[in-house]
Amino acid sequence: MTQATALAHILLTPEEMGKADQYAIQHGTPGYTLMLAAGERILEYTLRTHPLSKTIGVLCGPGNNGGDGFVVAKRLRSLGKKVHVGLLGDPSKLTGDAAKAFSDWPGKITPLEAFPFDNCDLLIDALFGAGLSRGLEGTAAELVGRMNAASAPIIAVDLPSGLSGRTGKAEGAVVQATASVTFFRKKPGHLLLPGREFCGDVIVGDIGIPQTALTQLEAQLHENHPDLWRAEFPSPSLTGHKYSKGHALILSGSEFATGASRLTAKAALRTGAGLVSLCGSADALRIHAAHVTAIMLRPAETASDLKDLLDDARLTTLALGPGLGTSTDADEKLTIALRADRRLILDADALTLLSQREDASFAALKALNEPAILTPHAGEFKRLFGDMSETSKVEEALEAARQSGAIIVYKGADTVIAAPDGRAVINTNAPPCLATAGSGDTLTGIITGLRSQDMPAFEAACAGVWLHGEAANVLGPGLTADDLEDGLKIVLKKRFGGSGET
Ligand SMILES: NC(=O)C1=CN([C@@H]2O[C@H](COP(=O)(O)OP(=O)(O)OC[C@H]3O[C@@H](n4cnc5c(N)ncnc54)[C@H](O)[C@@H]3O)[C@@H](O)[C@H]2O)[C@@H](O)CC1
Ligand SMILES: Nc1ncnc2c1ncn2[C@@H]1O[C@H](COP(=O)(O)OP(=O)(O)O)[C@@H](O)[C@H]1O
Ligand SMILES: [K+]
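These notes cover the structure that comes with them. Computed from a predicted model, the values in this text were never measured in an experiment.

**Topic: the site of ligand 1**
Thinking step 1. Near ligand 1, the surroundings consist of 21 residues, among which Asn-64, Asp-68, Gly-129, Arg-134 and Asp-158 are the closest.
Thinking step 2. Within the side chain of Asp-68, a nitrogen or oxygen atom sits 2.4 Å from an oxygen atom of ligand 1.
Thinking step 3. The contact in question runs from a nitrogen atom of ligand 1 to an N or O atom on the backbone of Arg-134, over 2.8 Å.
Thinking step 4. For ligand 1, the accessible surface in isolation is 880 Å², of which the surrounding protein chains cover 77%.
Thinking step 5. For the shell around ligand 1, the elements supplying multiple residues, two or more each, are α3 (31-49) and α4 (64-78).
Thinking step 6. A total of three residues in the shell around ligand 1 trace back to one element, the largest contributor, which is α4.
Thinking step 7. Here the shell around ligand 1 is built from residues that sort into 10 nonpolar, seven polar and four charged.

**What to know about the sheet that holds strand β5 (residues 179-183)**
The strands making up a sheet are joined through hydrogen bonds of the backbone, oriented either antiparallel or parallel.
Thinking step 1. Across the sheet, which stays open at both edges, the six strands sit in the order β2-β1-β3-β4-β5-β6 with parallel pairing between neighbours. Both edges of this open sheet fall to β2 (82-87) and β6 (201-205), since each of them pairs with a single strand only. Averaged over neighbouring strand pairs, the angle between their axes works out to 20° when direction is ignored.
Thinking step 2. Of the pairings in the sheet, the one linking strand β4 (residues 154-157) to β5 comprises three bridges and is parallel in character. Counted as the bridge partner of Ile-155 is Ala-179 from β5.

**Some thoughts on the layout of surface pockets**
Thinking step 1. Considering only enclosed or pocket space, the largest pocket measures out at about 690 Å³ in volume.
Thinking step 2. Around the largest pocket, the lining is made up of 31 residues, and of these Asn-64, Asn-65, Gly-129, Ala-130 and Gly-131 lie nearest the centre.
Thinking step 3. Only α2 (14-26), α3 and α4 provide two or more residues apiece to the lining of the largest pocket.
Thinking step 4. When residues of the lining of the largest pocket are assigned to their parent elements, the largest contribution, six residues, is made by α2.
Thinking step 5. Class assignment for the residues of the lining of the largest pocket results in 15 nonpolar, 10 polar and six charged.

**A short note on the sheet that holds strand β9 (residues 275-280)**
Thinking step 1. Spatially, 10 strands are ordered β7-β16-β15-β14-β13-β12-β11-β8-β9-β10 in an open sheet, and the strand pairing comes out mixed. Where the open sheet ends on each side, the last strands, each with one partner, are β7 (221-223) and β10 (296-299).
Thinking step 2. Two elements, strand β11 (residues 315-320) and strand β12 (residues 343-346), share four bridges in a ladder whose sense is parallel. Within the sheet, the bridge partner assigned to Ala-319 lies in β12 and is Ile-345.
Thinking step 3. Sheet contacts for helix α16 (residues 378-385): β13 (373-374) and β14 (407-410); angle to β14, the most-contacted strand, approximately 140°.

**Overview of the nonpolar core**
Thinking step 1. Grouped together as the largest cluster of nonpolar side chains are 48 residues, with contacts concentrated most on Leu-320, Leu-346 and Leu-374.
Thinking step 2. Shared between two domains, this core holds at least three residues of each, these being domain 1 (10-219) and domain 2 (226-496).
Thinking step 3. Not counting residues within four places of it along the chain, the set of residues in contact with Leu-346 comprises Leu-320, Leu-334, Leu-351, Leu-354, Leu-365, Ile-373, Leu-374 and Thr-375.
Thinking step 4. In terms of nonpolar packing, the next biggest core, distinct from the first, is built from 47 residues, Ile-373, Ala-430, Leu-450 and Leu-467 among them.

What counts as what
- Residues numbered from 1 in each chain as written.
- Chains lettered and ligands numbered in written order.
- Predicted model: local features only at pLDDT ≥ 70, side-chain atom pairs only at ≥ 80, totals over all residues.
- Heavy atoms only, no water.
- Near = heavy atom within 4 Å.
- Polar contact = N/O pair within 3.5 Å; in protein donor to acceptor, adjacent residues only side chain to side chain.
- Areas by Shrake-Rupley, 256 points an atom, 1.4 Å probe, with all protein chains shown as cover.
- Helix = DSSP H or I, 4+ residues; strand = E, 2+ residues; numbered from the N terminus.
- Nonpolar A, V, L, I, M, F, W, Y, C, P; charged D, E, K, R; others polar.
- Pairing = 2+ DSSP bridges.
- Axes fitted to C-alpha atoms, helices over the stretch in contact; angles between N-to-C directions.
- 1 Å grid on protein atoms, 1.4 Å probe; cavity = no way out; pocket = protein on both sides within 12 Å on 5 of 7 lines; lining within 4 Å.
- Points joined across faces, edges and corners; volume = space filled by probe spheres on them.
- Contact = heavy atoms within 4.5 Å.
- Core = buried A, V, L, I, M, F, W, Y, C linked by side-chain atoms within 4.5 Å.
- Buried < 20%, exposed > 50% of the residue type's maximum accessible area, 1.4 Å probe, protein only.
- Domains from an automatic or database assignment.

Set out below in structure tokens:
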């Protein structure tokens with residue numbers, strides 16, 4: 001990864017954010033200065049997006065999130081807005097910067113029972129942020145319910161109250177925000193589901209924490225962006241030839257299940273693999289022959305035929321799973337693939353077959369010269385790694401990567417890519433229209449195409465997932481998996497064609 005530009009895309013857990021705050025404080029910026037800056041960022045956003053709001057309700061909680069609320073309340077009042085401030089908890093229990101912000105608030109506190117939700121044209125949610133330690137219940141949950149029931153839009157300070165910034169989950173009540181203004185860097189909870197749906201627009205405000213805080217934190221989680229992998233993205237060389245762009249082999253399904261592997265093969269070729277071959281039974285290849293031209297066909301009825309085929313060392317990259325089936329024959333081919341020690345991409349039925357093996361073949365995966373890439377959706381993930389859903393999707397993917405020694409592409413609207421060495425990326429550009437039959441097969445092909453051109457496994461997985469999302473974005477609603485190849489062509493030309501921006 002290119003370090004300097006990657007810093008912009010770092011995500012910080014609330015715990016890491018606390019350390020960044022402390023770093024800033026130790027390096028000469030008092031906590032209250034940070035709080036004033038946080039209030040200022042919320043004020044700016046509020047004035048920019050709701051300039052006509054006259055009566056604003058600010059709901060403050062018992063910690064520093066509430067402190068930010070008092071700061072913005074004071075600033076709004078100074079600009080002539082009518083501001084109602086509610087406080088959840090006992091004012092005498094406020095401490096530190098929050099207590100200072102409370103004492104600086106020149107107005108009164110409106111009792112929560114009498115809070116005039118119906119008179120407010122905007123609400124600011126400053127109940128809980130990074131310090132949320134459990135699900136909201138009782139009075140807090142009731143208050144959140146009243147906020148959500150009000151007709152006014154809600155701007156959340158840092159995070160919608162009740163949402164975990166680490167996991168993107170809510171164990172109890174949670175504020176449904178119109179927008180969330182967070183500080184320094186986004187948190188995983190802003191991007192992971194269901195959190196993303198509670199946040200509304202996410203705005204990141206600079207509160208004066210120095211960038212050097214990031215280097216000492218050694219944060220390993222990023223939001224997916226070309227800055228993370230552009231340096232490793234394959235670029236055509238004048239002296240290159242098709243073999244220098246790799247030869248990818250895609251295992252076909254049987255005669256009546258050829259479509260999935262064909263989508264994979266076409267996407268691999270489109271993404272730049274020098275040569276792509278589909279391999280399977282003669283019956284299956286006859287069907288493929290009616291559909292493909294540039295893609296080659298290699299007969300291999302049995303696992304032993306596949307083994308013979310793989311004597312050709314130029315077949316550098318091997319993808320299997322889409323449409324493969326879970327027959328004994330498919331299982332034997334998987335065994336050959338694992339032993340062949342190529343750049344492996346395992347998807348769909350190959351993952352199901354793996355999960356049916358006693359040790360899920362993690363030892364075989366770990367023995368590979370280069371890490372395999374596994375692309376499970378939620379069902380396949382659970383079959384392979386069991387139910388780890390009490391943690392976050394990022395932590396689940398990282399644990400799976402550690403267990404298997406593979407790069408994990410844990411798919412969904414919030415696809416997480418994780419490596420055994422602790423790196424992880426959350427993808428955010430995938431539109432809902434990608435939820436269509438065969439779109440995962442295409443993703444496998446895109447990653448295969450990048451791997452065959454020597455892109456390192458983790459970067460190829462991140463780039464593949466991003467290209468997949470972007471291809472869908474240029475096509476928009478109505479796309480089918482067959483169309484993605486066209487979208488890919490547009491994105492590759494526009495973003496990686498040499499003259500355009502990436
Ligand atoms: N110096 C700093 O640390 C800065 C902090 N900032 C703000 O401070 C926030 C973090 O402040 P805190 O760490 O004080 O945490 P919070 O203000 O998010 O919440 C902590 C308080 O809530 C209580 N609490 C947690 N979960 C609860 C639950 N489920 N039910 C009832 N009570 C619960 C805790 O006992 C504690 O009193 C950030 O989100 C941000 O808004 C900003 O002002 C920037 C500077
Ligand atoms: N709601 C959604 N929003 C964005 N992307 C999605 C959504 N649902 C699924 N996807 C993406 O679409 C692809 C579907 O893959 P998969 O579940 O394997 O389907 P298939 O087996 O039909 O190809 C994955 O890349 C996944 O991340
Ligand atoms: K909040």
